[in-house]
Structures are given as C-alpha cells and as structure tokens.
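# Fold and geometry: a report
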Amino acid sequence: MYLPESDDQMFDILSALRIYAASNGLPALAERLDDALLVFAAERRRAAPDEAPASRDGV
C-alpha cells in the first residue's frame, strides 16, 4: 500500500482525487473530498508549532 511521504503529497493526492471526482460525475464524492481538504488544512495548522510574530525593531 502506498502512503504519502509528506503532508504536501497528501494534500496533492486529495486535491487530485477531488478534481477526478468533479470531472467524472461524482459530485457527492467531490464534496466529501472538499470537506477532507478543509479538515486536513485545519489539522496541519493545529499541528504546526506556534510561530511568534517577528519584532519590528529586530530585537
């Protein structure tokens, strides 16, 4: 079984599946994949370390 090696690959796969579904008369699947992409993006943001805003004076 193939597993994506990175989050970017996973996003690309979900996006490609969404395009395939929309292009081949599978609107319910395309909608579910839209939902999956939104959940995936939210999970990535949640898992990313918080980045402190950069100081304006460089200190």
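This text follows the structure it describes.
So, here is what we can say about the structure in this document. (Residues numbered from 1 in each chain as written. Predicted model: local features only at pLDDT ≥ 70, side-chain atom pairs only at ≥ 80, totals over all residues. Heavy atoms only, no water.)

Inspection of every chain in the model, using the stated rule, returns four salt bridges. Of the charged contacts, one joins D34 and R18 as a salt bridge, the two residues approaching to 2.7 Å between their closest N and O atoms. In this pair, D34 is assigned in helix α2 (residues 27–47) and R18 in helix α1 (residues 7–23), connecting sequence segments 16 residues apart. Each of D7, D8 and R44 takes part in one network of salt bridges that share partners. (Salt bridge = Lys/Arg side-chain N within 4 Å of Asp/Glu carboxyl O. Helix = DSSP H or I, 4+ residues; strand = E, 2+ residues; numbered from the N terminus.)

What follows concerns α2. With 21 residues, α2 should reach 30 Å at 1.5 Å per residue; the first-to-last C-alpha distance of 30 Å fits that figure. Every buried residue of α2 is accounted for by A30, L33, L37 and F40. For α2, the angular spread of the buried residues around the axis is 70 degrees, confining them to a single face. Opposite its buried face, α2 presents the exposed residues A28, E31, R32, L38, V39, R45 and R46, each directed more than 90 degrees away. (Expected span 1.5 Å × (residues − 1). Buried < 20%, exposed > 50% of the residue type's maximum accessible area, 1.4 Å probe, protein only. Arc of directions from axis to C-beta.)

Here F40 shows up in helix α2. F40 gets classed as buried once you look at its relative accessible area, which sits at 16%. Spatially, the C-alpha atom of F40 lies 8.9 Å from that of D7, the residues being 33 residues apart in sequence.

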